[in-house]
Amino acid sequence: MPTLSDRGPRPPERHRGAQGLSGPALKRRVAPVRAEAAVHPVVVLAAAAIGAGLLTWFASGRSKRLGPAGSEGRRYARRGSAVTASAAQRLNHASTMLAASVLFDSGLEHYRGQFFNRAMYTPIIVSSVTLAASLHGAGDTDPGSSRVRHGVQALAGLTGLIGFGFHAYNVGKREGGYSFQNLFYSAPIGAPMALTLAGILGVIAEHVRDADPDAPRLVGLPAGPALALATAGMLAGTTLEAGLLHFRGAFQNPAMYIPVSLPPLAAALLARAAAKPAGANQAGAKWGMWAVSAMGVGGVAFHAYGVARMMGGWDNWRQNLIDGPPLPAPPSFSGVALGGLAALELLEHRPFRF
Amino acid sequence: MLPRRDLYPGYDVLAKRDSPSWNAKTRAVLDERLRIGPETRRFFDEAEWPTIKAIADRIVPQPVDRADPVPVAALVDHKLATDTRDGYRNPELPEEREAWRLGLTALDAEAQARFGARFHELGTWAQDALLKSAEVGELTDAAWAGMPSNLFFHKRVLPDVVKAYYAHPTAWNEIGWGGPASPRGYVRMDFDRRDPWEAAEAKPGREDEAYEDNLLVGR
Amino acid sequence: MRIPGLGNAADNPKHAIPGNDPEHQPRARDGRAPNVMRIGEWVPMRQHRDDEEVDFAIVGTGAGGGTLACRLAERGFSVVAFDAGPYFRPLEDFASDESHQSKLYWTDERIVDGENPLQMGSNNSGKAVGGSTVHYAMVALRFRPEWFKARTLMGYGADWPIDWREMWHYYDQVEDDLKISGPVSYPWGPHRRRYHRRAHEINAAAKVLARGAEAMGIGWTPTPLATVSAPHGDAPPCVYRGFCTLGCSTNAKQSVLVSYLPRALKAGAEIRDLAMVGRIETKNGRASGVHYFREGKWRFQRAKNVVVAGYAIETPRLLLNSANQEFPDGLANSSGLVGKNLMVQGNQAVWGVFDEEIRSYKGPPSLAISEHWNYDDRGHGPFAKDFFGGYSYMSQGPLPQLWANTQASAHGLWGEALVAEMQRYNHVAGLKVVSEYMPQERNRVTLSDVKDQYGLPVARITYSWCDNDKALNRHALKFLREALVAAGGREVWDQGDDTCHLNGTARMGADPRTSVVDADCRSWDIPNLYVCDGSVFPTVGGVNPSLTIQAIALRTADRISSRER
């Protein structure tokens, strides 16, 4: 048996392959000179995404109304405005997290799908724009909304819904239709909704900025309980998606049960929190939200371990990053949980650092 | 019949040798195979050698201008020299090495009888005519020693020669097969999808794109 | 990041032992055996002296013998399992190469004759520790319950002496042990437990089957496969490299080599690789041990019980070769049925060319299946059934050598026609059946006058189709052709002569006059001689047999331990 040679020198009489085929009629080809050939399409896409993001960032700053809503002006800082400002920022942290998760996840998954349909570029551009708007909002300590941010977040929400429609159509048209098999392996039906969640939380951030700091309201309801219930619902939805994909992975590792058990628990705490009187202590729900946030970040590490367990490990990253557990997916849990924390801030009616 | 084409321009499966698609064992096995040159011969004797080479050229013809043709006869020789067997045979066929010796001698004798020259000296038309007669079992010269020529053709010549050719990377390039795949396998399995490390097929009018893609399979 | 011993270490040459050739030097010796899951690592192995009378000497370590060895050892018996083949380390020894991997096949001489001589070697016989499961296509299907009473309920073949509900219980266990990756719910047959891994993503070739089945109005499903879709212990999930039938170099495939045998070693079984058993010794009507050839000489292992698990050719060959004064017609052969009723399964195919790129070399070969014609007994219109038995059919993924050989042997192409046709390799898809052939006494394994390298008479394998087999072939090819055309296939052609799997040469039954072994796989003639492999099947059914062989092995082990304890 020859000993295992590892990437050693090639054998001297190595036979070259396909050139031999080219007969007189088939001239040896030279790579054509084309401008776009010099730059990898992925680089073009990244540049476009970054450019759009930067534009959004600058535009967001220029489209702000100064000062809080209401007629009283800025005579003195009201206690409530600290709460709404903090909650709004936190909501933007949430949408940042979700947008980043969508950006990388859709990038990876649509790279796998080789952008077969041009619409597959959309979520990448939209999520980078959303990411920029959210980051801008996250650093914005002033009350008062930004029209550009508001518009961008609304666009994200809409794009996610359209994406959901696309994916649902894609699943249905496959051989076997709406079967588990296609839910597992064709376009992930729940994934675009993460962009919608980012958009919704971003839009709410702008609404909270504009709301009456002492009695913030959202779509006619008290902001705290409404947001708490909304994020609880979002947690449930995200759990469903994680559940589907971890079921595909047959829950082979006990840790895979965490994202289907912890978030619903935390969501229940959040719903209970919404029912408590305004200003009550929400320590339990807060812990729940922090736990889910940490789980989202820790999930990346678990998924990285999962990639390493695939055949060839990280050396075979071109296969395993795509076929293995998706690294960018878990932080969407953190995003939603941050939204839950913003809700708790509004419920407790006091800002908190952690 | 379809013409043979340069369907995967620029594709060389050996470009993937140092990529995660090949493991150490595969590299060792293929290195050994690629060391077999066109005149490497251990089993066939001097008289049989031109005959098996001529047969191989008819069963799996290669472009005349191919710079580095697949050494099909040498690969068959390697199989027989290492006594790699199928694991079964028809009772009318002797065991593999004996069948080959007998068959080659008999084909030469048939060529002499019908055309007055040795098999490898014949033109391709005459060689094909003889092989077609063997295919249907019409050759019954005493030199066959009772071995049915159709069994020899179907059970020895075709499988041994065809498998020898398609064991070679040059043949894999010709048909656009992905080649060895371990530890890295494949990701995209749907209709009309290829991984960046697979051969790109030249679509009419878009051969240049395929050529560019094929230069990148080794990355 | 490297996790020691797992996939990525497979490429690390520092683990290689120079001059370590498993095909010529036994690996399982000196108190240790290869740890097949880890590069260069070993596991301790309990060993027995030849003159020590072990509880069980098992001949063969494949689906039957390996599975049985595992459970017997786990039940506390002392077990020595012999295999004529090498003890491969898949991560190190398996190349991605068709020619090289023919080392997995049983290529010792065999003579084939009859009206439809079988092709042996690559597609049905393994010579390696782990047996044919090292190169099987991993299709893990259960029998249809009615087949266990084929004679009574369906009017053909013979009844099994085992109740299907009992088999269902053992199927559950094998599916759990092998972590079968299958659909969330299986469309045919009575309820079964959910598979332990989800089905794999299906490739374009499998989608061709799906399209065809949907067009023909019959059901289809992703195939339950014994290769994991999510990690299991040290086994990484399948990477869809497509070399399944040439040995899995990632250990995703749950062959007996990587599933039951490591457990067997842990439980105290001994495995002897490169150990060819040539004869079973008997004394006073009981088996007393086996003569085996290892490391250059013949040896004799004493044993309280002997189990033959060499698959349906080597098992009758060994029983017949062991003929002595006490048993002049061969062991366990008072019925005269040893070697008779050899059953293969039809493996006909239709192939066609598609406009789309299929590239069926990606992924396990048989990712989608329809068992419709196993469960539909009548059919209608042009597909009314005029024969007994049924068939399943699956998508295919031949690699270049196999495909070229198919084009040459079954399609009759050579010369320019062959090389040009081969260029359409990436556009080809096919459907292939596994169909039920009838047991016939004239299909049999006998001994020839040719001797092998051990000086033992080689097997002569005689096979001919009966009218029922031919009618089934016709039905299958006609249906498949229509399904492939409905899926978009052009220039469809039939591959009419292929067969697969080996069963039936030491059938089980309830009557010593018409069977070789009883329901517990114990021979009627010699109370401490067992046969435990595909040989015991009275009928074959229209599905791949490995899962049933393994279920029977587990049942046999349970029956033995309940009797002995």
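Conventions and cut-offs
Residues numbered from 1 in each chain as written. Chains lettered and ligands numbered in written order. Predicted model: local features only at pLDDT ≥ 70, side-chain atom pairs only at ≥ 80, totals over all residues. Heavy atoms only, no water. Helix = DSSP H or I, 4+ residues; strand = E, 2+ residues; numbered from the N terminus. Rg over C-alpha atoms; globule rule 2.2 N^0.38 Å. Buried < 20%, exposed > 50% of the residue type's maximum accessible area, 1.4 Å probe, protein only. Contact = heavy atoms within 4.5 Å. Areas by Shrake-Rupley, 256 points an atom, 1.4 Å probe, with all protein chains shown as cover. Lys, Arg positive; Asp, Glu negative; His and termini not counted. Charge placed at Lys NZ, Arg CZ, Asp CG, Glu CD. Core = buried A, V, L, I, M, F, W, Y, C linked by side-chain atoms within 4.5 Å. Domains from an automatic or database assignment. Axes fitted to C-alpha atoms, helices over the stretch in contact; angles between N-to-C directions. Parallel < 35°, antiparallel > 145°, perpendicular 65-115°, else oblique. Nonpolar A, V, L, I, M, F, W, Y, C, P; charged D, E, K, R; others polar. Pairing = 2+ DSSP bridges. Salt bridge = Lys/Arg side-chain N within 4 Å of Asp/Glu carboxyl O. Polar contact = N/O pair within 3.5 Å; in protein donor to acceptor, adjacent residues only side chain to side chain. Expected span 1.5 Å × (residues − 1). UniProt positions renumbered as here; feature names shortened; annotations may be inferred. Phe/Tyr/Trp six-rings, centres within 6.5 Å; stacked < 30°, edge-to-face > 60°. Lys NZ or Arg CZ within 6 Å of the ring centre and 35° of its normal. pLDDT = per-residue confidence, 0-100. Disulfide = S-S within 2.5 Å.

Thoughts on the overall build of chain C
- When helices and strands are tallied, chain C shows 12 helices and 22 strands.
- Computed over the C-alpha atoms, the radius of gyration of chain C is 22 Å, within 12% of the 24 Å expected from 2.2 N^0.38 for a compact globule of 565 residues.
- If one aligns the C-alpha atoms of chain C with their principal axes, the spans along those axes are about 65 × 60 × 50 Å.
- Buried residues in chain C amount to 72% of all 565 residues.
- A sequence separation of at least 24 residues applies to 74% of the contacts in chain C between residues at least 6 apart.
- Accessible surface, chain C: about 16600 Å² in total, of which carbon and sulfur atoms supply 48%.
- In chain C, the 64 positive side-chain charges and the 65 negative ones have mean positions that sit 4 Å from each other.

Describing the overall build of chain A
- Looking only at helices and strands, chain A features 11 helices and 2 strands.
- The linear arrangement of helices and strands in chain A, starting from the amino end, is α-α-α-α-α-α-β-β-α-α-α-α-α.
- Within chain A, buried positions represent 53% of all 354 residues.
- Accessible surface computed for chain A: about 16300 Å², of which carbon and sulfur atoms make up 67%.

Side note on the nonpolar core
- Judged by nonpolar contacts, the single largest core of 252 residues is most densely connected at B:I59, B:W100, C:I280, C:Y391 and C:Y393.
- Counting residues per element, this core draws most heavily on helix α6 (residues 149–165) of chain B, at 9 residues.
- When residues of this core are assigned to domains, at least three fall in each of domain 1 (1–21 + 178–219) and domain 2 (23–172) of chain B.
- In this structure, C:Y393 is in contact with C:L209, C:A213, C:I218, C:A368, C:I369, C:S370, C:L431, C:K432, C:V433, C:F479, C:L480 and C:A483, ignoring residues within four places of it in sequence.

Quick word on the packing of helix α1 (residues 41–62) of chain A against helix α4 (residues 147–173) of chain A
Residue and element names in this part refer to chain A.
- At a closest axis distance of 6 Å, the pairing of α1 and α4 adopts a crossing angle of 135 degrees. The orientation of α1 relative to α4 falls into the category oblique. Along its contact with α1, which presents T56, A59 and S60, the element α4 presents V148, R149 and V152.
- Residues of the contact of α1 with α4, tallied by class, amount to 3 nonpolar, 2 polar and 1 charged.

Quick word on the pairing of strand β3 (residues 54–59) of chain C
Residues and elements named next belong to chain C.
- Summarising burial for β3: 6 of the 6 residues are buried, a large majority.
- Bridge count for β3 against strand β12 (residues 297–308) is 5 bridges, and the pairing is parallel. Each bridged residue has a counterpart across the sheet, and for F56 the counterpart in β12 is N305.
- Bridge analysis of β3 against strand β4 (residues 79–82) gives 4 bridges, and the strand direction is parallel. Bridging from a neighbouring strand, F56 pairs with V79 of β4.

Let's talk about the interface of chain B and chain C
- If you look at the interface, chain B gives 67 residues, while chain C gives 68 residues.
- Viewed at the interface, chain C and chain B are joined by 7 salt bridges.
- In this structure, the connection of chain B to chain C is made through 28 residue pairs in polar contact (both at pLDDT 80 or more).
- Per-element tally for the side of chain B that touches chain C: the top contributor is helix α1 (residues 24–34) of chain B, with 7 residues.
- Residues that form the side of chain B that touches chain C fall into these classes: 34 nonpolar, 10 polar and 23 charged.

Side note on helix α5 (residues 124–135) of chain B
Residue and element names in this part refer to chain B.
- In this model, α5 (12 residues) spans 16 Å end to end at C-alpha, consistent with the 16 Å of a helix rising 1.5 Å per residue.
- With 9 of 12 residues buried, α5 is to be regarded as a mostly interior element.
- Buried residues of α5: A126, Q127, D128, A129, L130, L131, S133, A134 and E135, and no others.
- The inward-facing, buried residues of α5 contact α2 (48–59), α4 (96–115) and α6.
- In the segment just after α5, G137 is the residue with positive phi, at about 80 degrees.

Focus on the sheet that holds strand β18 (residues 444–451) of chain C
All names here are of chain C.
- On the basis of which strands lie adjacent, the open sheet formed by 3 strands has the order β5-β19-β18 and mixed pairing. Each edge of the open sheet is held by one strand with a lone partner, namely β5 (111–113) and β18. Pairwise comparison of adjacent strand axes, ignoring direction, gives a mean angle of 30 degrees for this sheet.
- Strand direction decides the pairing type here: β18 and strand β19 (residues 457–462), joined by 5 bridges, are antiparallel.

Overview of the side chain of C:D518
Residue and element names in this part refer to chain C.
- With respect to the helices and strands, D518 occurs in the loop between β21 (499–503) and β22 (529–531).
- Buried within the structure, D518 lacks any salt-bridge partner; its nearest side chain of opposite charge belongs to R522, at an N-O separation of 4.2 Å.
- Leaving out residues up to four positions away in the same chain, D518 has contacts with M508, G509 and W524.

What to know about unusual backbone geometry
- In this chain, B:S182 is followed by B:P183 through a cis amide linkage whose omega measures 5 degrees.
- By secondary structure assignment, the location of B:P183 is in the loop between α7 (169–175) and α8 (207–215).
- Despite not being glycine, C:N341 has its phi angle at roughly 60 degrees, a positive value.
- If you trace the backbone, C:N341 turns up in the loop between α7 (311–321) and β13 (343–346).

Side note on the UniProt feature "transmembrane region" (unreviewed entry) in chain A
Residue and element names in this part refer to chain A.
- The feature "transmembrane region" (unreviewed entry), as given by UniProt, occupies residues 38–59, 119–139, 151–171, 183–205, 225–245, 257–275 and 287–308 in the numbering adopted here.
- Helix makes up 81% of residues 119–139 and strand makes up 0%, while its end C-alpha atoms are separated by 31 Å.
- Annotation note: span residues 287–308, helix share 100%, strand share 0%, distance between end C-alpha atoms 31 Å.

Some remarks on the packing of aromatic side chains
- Counted by the stated rule, this structure contains 41 aromatic pairs over all chains.
- Seen from their ring centres, C:W164 and C:W168 are 5.2 Å apart, and the 85 degrees between their planes marks the pair as edge-to-face. With C:W164 and C:W168 both in helix α4 (residues 164–178) and 4 residues apart, this pair spans about one turn of that helix.
- A relative accessible area of 24% means that C:W164 is categorised as partly exposed.
- Through pairs of rings, three or more aromatic residues link up here, namely B:F43, B:F44, B:W49, B:W100, B:W144 and B:F152.
- Just above the ring of B:W197 sits the side chain of B:R184; from NZ or CZ to the centre is 4.2 Å.
- Above the face of the C:W168 ring, C:R142 is positioned so that its terminal group lies 4.9 Å from the ring centre.

Digging into the pairing of strand β17 (residues 428–436) of chain C
Residues and elements named next belong to chain C.
- When you tally the buried positions in β17, you get 9 out of 9 residues, the bulk of the element.
- Neither face of β17 is exposed, since V428, G430, K432, V434 and E436 on one face and A429, L431, V433 and S435 on the opposite face are all buried.
- Pairing of strand β14 (residues 349–353) with β17 involves 5 bridges; the strand directions are antiparallel. When the sheet's bridge partners are listed, V350 is paired in β17 with L431.
- Bridge count between strand β16 (residues 391–395) and β17: 5 bridges; the pairing is antiparallel.

A few points about the confidence of the model for chain A
Residues and elements named next belong to chain A.
- In this model, chain A carries a mean pLDDT of 84, and residues with pLDDT of at least 70 account for 84%.
- pLDDT under 50 marks residues 1–37. Its contacts with residues more than four places away, or in other chains, come to 80 contacts.
- For residues 67–76, every residue scores under 50 in pLDDT, and the model assigns this stretch 8 contacts once sequence neighbours within four places are set aside.

A closer look at the state of the cysteines
All names here are of chain C.
- Here the structure, examined in full by the defined rule, presents 0 disulfides over all chains.
- A disulfide-free cysteine, C244 has its sulfur positioned 5.8 Å from the sulfur of C238, the nearest such atom.
- Residue class for C244 comes out buried when judged on its relative accessible area of 9%.
- Cysteine C466 is unpaired, with the sulfur of C500 as its nearest cysteine sulfur at 16 Å.

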